[in-house]
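# A closer look at the structure
Listed below are the residues making up each chain.
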Amino acid sequence: MLLIHCPYCEDTLPELEFTYAGEAHIARPADPSALSDDEWRDFLFIRTNARGPHYERWRHIGCGRFFNALRDTVSDRFLTTYKAGEARRPLTNEAAE
Amino acid sequence: MSRYRISGKGRVDHSAPVSFTFDGKTYRGLRGDTVASALLANGVHLMGRSFKYHRPRGAVSAGSEEPNALIGTSRGKGQFEPNTRATVQELRDGLVTESQNKWPHLSFDIGAVNDRAYMLFSAGFYYKTFMWPKSFWDKIYEPVIRGAAGLGKSPTEVDPDRYASRYLHTDVLVIGAGAAGIAAALSAAQSGADVTLVDENAEMGGSLLSDPAVQIDGKPAWDWVEAQLARLRAAGVRLMTRTTAIGYYHQNMVGLCQRLTDHLDNPPANAPRERMWRVRAEQVVLAQGALEKPLVFDGNDRPGVMLAGAAQTYLHKYGVKVGDTPAVVTSHDSAYFAAFDLADSGARVAAIIDTRDAVRPDLLEGARKRGIQVLSGHTVTTTKGRLRVKSVRANPVRGTHVGAGRDIACDCLLMSGGWTPSLHLFSHTKGSLGWDAGSNTFLPDRKTEACEIAGAGRGLWGYEAVLADGAAAGLRALEGLNRAGHSAAFTVANDRPGTGVTHTELPTDGNPGKAKAFIDFQNDVTAKDIRLAVREGMRSIEHVKRYTTNGMATDQGKMSNINGLMIAADALGKQPPQVGLTTFRPPYTPTSFGAFCGYLRGDTFQLTRKTPIDPWAEANGAVFEPVAQWRRAWYFPKAGEDMHAAVLRECKATRASLGIFDASTLGKIEVAGPDAVEFMNRMYTNPWTKLQPGRCRYGLLLGEDGFIRDDGVIGRLSPDLFHVTTTTGGAARVLTMMEDYLQTEWPDLDVWLTSTTEQWATVALNGPNALKMLKPLVEGVDWDDFPHMSCAECTVAGLPARLFRLSFTGEVGFEVNVPARHGLTLWTALMEAGKPYDICPYGTETMHVLRAEKGYIIVGQDTDGTVTPQDAGLDWAIGKAKKDFVGKRSLSRPDIVAKGRKQLVGLLTEDGSLLQEGAQIVLDPNQPKPMKMVGHVTSSYQSTMGHPIAMAVIEGGFDKMGETVFIPMPDGVRKARITSTVFYDPDNARLKA
């Protein structure tokens, strides 16, 4: 079981308290009606499916907040977590390995 | 005294006999025995039959790696356990055990014909032998093969035992309490760190318990172990025996399964049988030691053939001589010590057959002193003996030439193919392994966790080296905690260091194609199976493993993986590291389901949510059904009524006068704030801006993909306050979805979301007399301005309430919400006030029937995550003028507007029979199979109208009104006509009454 750091609670807690919430930094288009069918399809369904560092969202059930994380999908290691709305964190050296 | 027990020897209690049965026969063992050691003490080597060939098998090891000696144990009703390793199960008084996979007897097993027909059962036999004719597969081949193969029988009764679970946080967890583990724990414990030392055996000490002549710091091994354990205890180290580290997970979480009562004659009542520990350790020291490898030669599986180290353990730990005339075959020095110890205990060692040409002079001298002949540069080509080995054939090897053999009589054969570090837990962490060409074995290489590996587990041999390594590992763990300690040194006398060489199958002068040289004893995989798999195109070791099933048995290839790899590599013409090792996965040893479940079973499997009105329902004979985690009143049968009769009565009473229903489980979310209406507009399909306070509206929630996610009536209590209701099962999902949008897409909106599901008790009143009955109880409502789809904050029966006028039945209806603590009071008051109207409590089934008669959908029953509002006939609920809402863009995607989508329609059967929910629908019942299925029945009920009704999704259903479709069922094809989903009062006349 992973230990995950909630950036809102500022505490590292067991995975049981969290749920996965899909890839991060995919913002809902401001005006969906302006999108072509293909663009809308890509927004709905197309994901990077990264092998390695992956930007994703998690929710801390305890405080109810959604936050962003950078997790390596190969090692299943959390490289960092940060609040929703914050800019995409750069890949660290560890993540780039 | 049993025939093979040596008086006074071993760690068993010679003054405490214990009796047990094996296959119905009573045996005596001693306190401290395992089932295997006690049977061996009685001269019993035959303990089971093999998986495929039903070959007679005996214990080959003395520990948890045992592949052969699997038995069933029974402690009472429901307490039968199959596939228990006889080498692990401790003896206790009255233990009942039985052998497995044999018929009629262990010594005469009909299934052993498979052994003669072995040609049929080679690698991949499943895929090629029984292909023809096709029709034979289901009826003949598979049942017969399944019947003949297999290990123990699964128990069928509920396990009455209790299982416990606990969490533990510790600074240093040391796994394995042999020499290395004890040394590591001593190092780690010196600076006050919290240290835990665990071992899977009943006693700590590891192989030192099998090597009593070794002296450490001037003390005999056993005394030294005892003294160190006392020191550890005094230092506050947690010592846990019978505790197996089953898995090593992320961030140093280790699962420990502790066996608590299986060894006790009379376990305390209610004591848990096993306890699962979830341990989070700052540092882990893996000191699990090494596992001895068998040698691979024809007949290496006969009862009486066992690992040399196992024989040494039986001798020293249990005082059991595994035979009078053992022979030894080895490629490693360690087997000599087993031979010497047995000779010193009175056995006549027939020969030591060494595959190596050169043998260490001190070992040769030790053999000579004891009168043991050593045949160096020899191979073993076969063994003889049906139920017990009688002789072994040894042949000299010169280069590649195998010379003439001679049979050497023996009553047991001790083998050693060297030692493999126990890499399992390290592999769980995805730590990489490095090939050590010198010792021909894999060793732990790059670590992924904060762990140290010590002792034989990283290829060291000899106690002096292992103790020093353990102490150093414990110190490094301490440094990992930013603590300091002193390094320890140990002096060892009578040490038994050694080296060896690694083989594929041993050379033979016979036909290798006929040799039954076993690698995986439990799955009956032989060397030629591996070579066959390679010949047939398997290149990856993972494919070889699956094709041959090597290493796939319950022992997970503890003995077989390296031998299998060596032979596969040889067959492929590659070096072992290029072929690679298969992955070890948790659990390390078979673990009971009970230990995983812990407390989460029966009543405590998951929580049961009950409404405030639940006690009334229970007292009034409700039959309950689970809905999500709630238990809900399903129907209220009167004496003599079955479900159908009760539901029909409840339906009719509601339609005729007045019904009352506990709707408290409905999800409720309060959406509040200046931007609440904007938020609602964005989330739900419907327009909310013009909804006046005091009015409510049916709300439809989509996913961004345009499919229906949830629905419910939503009341606007004030300009900035919405009372949202959701489906019972969807409450948490909807709140999470709302939170997601609010937090991450529209954080600028000033809105607060609060779950109020459990804060409100909700009672629904429906029927033509509902208004009449309710009116006198209500204060604070202007009845002249309270039409259908209104809501108000008021009092009902003197209780503060939120009153909704709405209907899920087609009758005049209300939902009264009061604070949950008043729920039962409200219900009781309404029941009393309803007496003049023959008020009838009804349950969820009646609710379903009444709503279906009106064509009201239930999300999750009539929809399945692929249904759009258009598909469900709910276009009217879409705010067409709204620029955007969640899912809107998807409603114009090409596939969503395409013709031929499944659409929700009504169905009436021609013969008036009830359809089955889930039944598939076809347009032409005479088409060839497989038929084209155009939809399925989603809801089906007996109705109040004298005939059953059903709803279904059917391709292009809206354009097929009045057409006939067919529903093929096992007892015949049903005919049904497509209708509107509204079966009852289509003009809503009753709502307006």
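Residues numbered from 1 in each chain as written. Chains lettered and ligands numbered in written order. Predicted model: local features only at pLDDT ≥ 70, side-chain atom pairs only at ≥ 80, totals over all residues. Heavy atoms only, no water.

With an unreviewed UniProt entry as reference, chain B is termed Sarcosine oxidase subunit alpha, source organism Paracoccus fontiphilus. As stated in UniProt under Sequence similarities (unreviewed entry), the record for chain B gives "Belongs to the GcvT family." (UniProt positions renumbered as here; feature names shortened; annotations may be inferred.)

Chain A goes by Sarcosine oxidase subunit delta in an unreviewed UniProt entry, where it is assigned to Paracoccus fontiphilus.

Looking only at helices and strands, chain B has 25 helices and 52 strands in total. Oriented by its inertia axes, the alpha-carbon framework of chain B measures out at about 115 × 70 × 55 Å. When burial is assessed residue by residue, chain B has 59% of its 993 residues classed as buried. Sequence-distant contacts, at least 24 apart, represent 66% of the contacts inside chain B between residues at least 6 apart. Counting every atom, chain B has about 40000 Å² of accessible surface; 53% of that belongs to carbon and sulfur. The centroid of the 111 positive side-chain charges in chain B is displaced by 5 Å from the centroid of its 108 negative side-chain charges. (Helix = DSSP H or I, 4+ residues; strand = E, 2+ residues; numbered from the N terminus. Buried < 20%, exposed > 50% of the residue type's maximum accessible area, 1.4 Å probe, protein only. Contact = heavy atoms within 4.5 Å. Areas by Shrake-Rupley, 256 points an atom, 1.4 Å probe, with all protein chains shown as cover. Lys, Arg positive; Asp, Glu negative; His and termini not counted. Charge placed at Lys NZ, Arg CZ, Asp CG, Glu CD.)

What follows is about the pairing of strand β34 (residues 630-635) of chain B. Looking along a regular strand, one sees side chains alternate from face to face of the sheet. Residue and element names in this part refer to chain B. Here β34 lies mainly inside the structure; five of its six residues are buried. Note: strand β33 (residues 623-627) against β34, five bridges, orientation antiparallel. Looking across to β34, one finds that V627 is bridged to W630. Turn length for the β33-β34 hairpin, with the two strands adjacent in sequence and antiparallel, is two residues, and the turn residue A628 shows positive phi of about 50°. (Pairing = 2+ DSSP bridges.)

Before going further, it helps to examine the UniProt feature "domain: Aminomethyltransferase C-terminal" (unreviewed entry) in chain B. The UniProt entry lists residues 902-985 of chain B under the feature "domain: Aminomethyltransferase C-terminal" (unreviewed entry), expressed in the numbering used here. The distance separating the terminal C-alpha atoms of residues 902-985 of chain B is 25 Å; by composition the span is 0% helix and 51% strand.

In this section: a nonpolar patch on the surface. On the surface, a nonpolar cluster with roughly 360 Å² of combined accessible area is contributed by W103(B), F108(B) and I110(B). Here I110(B) lies in the loop between β7 (95-98) and α2 (113-116). (Patch = residues over 30% accessible without salt bridge, like charges linked within 9 Å, V, L, I, M, F, W, Y side chains within 5 Å. Salt bridge = Lys/Arg side-chain N within 4 Å of Asp/Glu carboxyl O.)

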